[in-house]
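Architecture at a glance
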Amino acid sequence: MKSKFLVAAVSAGFLFGAAQTALAADAPKAPKLTNAIAKNLQDAQKAGNAKDFPTALAAIDKAKAVSSPTPYDTLMINRFAMGIHVGMGDLAAAGVDAEAAAD
């Protein structure tokens with residue numbers, strides 16, 4: 001009797017593991033940034049970490065100038081711009097960026 005419960009528990013564990021693996025394989029992949037935008041946002045992040053805000057804003061403007069951005073690109077540009085504006089203490093501009101990111 002105990003062996004039947006043990007076999008049932010082990011079988012249920014294997015089925016649960018197989019189901020988790022199948023669900024993970026079907027999970028949507030995270031979107032990727034366009035290469036030009038990713039490079040400019042990396043430059044903006046480096047400049048922002050160094051507290052060189054004018055250079056960071058220039059890199060964000062370059063990212064905004066890239067033609068045909070995807071919706072994910074636009075979201076990330078606005079999120080980076082918001083972080084730079086918060087670092088500068090310009091909360092009004094950060095609010096504008098936050099609203100643009102929310103759209």
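For the structure, see preceding data.
My aim in this report is to walk through the structure given alongside it, one point at a time. (Residues numbered from 1 in each chain as written. Predicted model: local features only at pLDDT ≥ 70, side-chain atom pairs only at ≥ 80, totals over all residues. Heavy atoms only, no water.)

**Here we look at the overall build of the chain**
How we decide: Helix and strand definitions follow DSSP, with helices as H or I runs of at least four residues and strands as E runs of at least two, each counted in order from the N terminus. Relative accessible area decides the class of each residue, using a 1.4 Å probe on protein chains only: under 20% of the type maximum gives buried, over 50% gives exposed, and in between gives partly exposed. Here a residue-residue contact requires only that any non-hydrogen atoms of the pair lie within 4.5 Å. Surface accessibility in these figures is a Shrake-Rupley result with a 1.4 Å probe; residues are shielded only by whichever protein chains are displayed.
When helices and strands are tallied, the chain shows 5 helices and 0 strands. When the helices and strands of the chain are read in sequence order from the N terminus, they spell out α-α-α-α-α. Scored against the burial criterion, the 103 residues of the chain give a buried share of 22%. Across the chain, every contact between residues at least 6 apart in sequence was considered, and the portion connecting residues at least 24 apart equals 51%. By element, 64% of the accessible surface of the chain is carried by carbon and sulfur atoms, the whole surface being about 7300 Å².

**Focus: unusual backbone geometry**
One non-glycine residue, lysine 51, lies in positive phi territory at about 65°. Tracing the sequence through the fold places lysine 51 in the loop between α2 (35-49) and α3 (53-65).

**Regarding the environment of alanine 65**
You can see alanine 65 is positioned in helix α3. Along the primary structure alanine 65 and isoleucine 37 are separated by 28 residues, whereas in three dimensions their C-alpha atoms are 9.0 Å apart.

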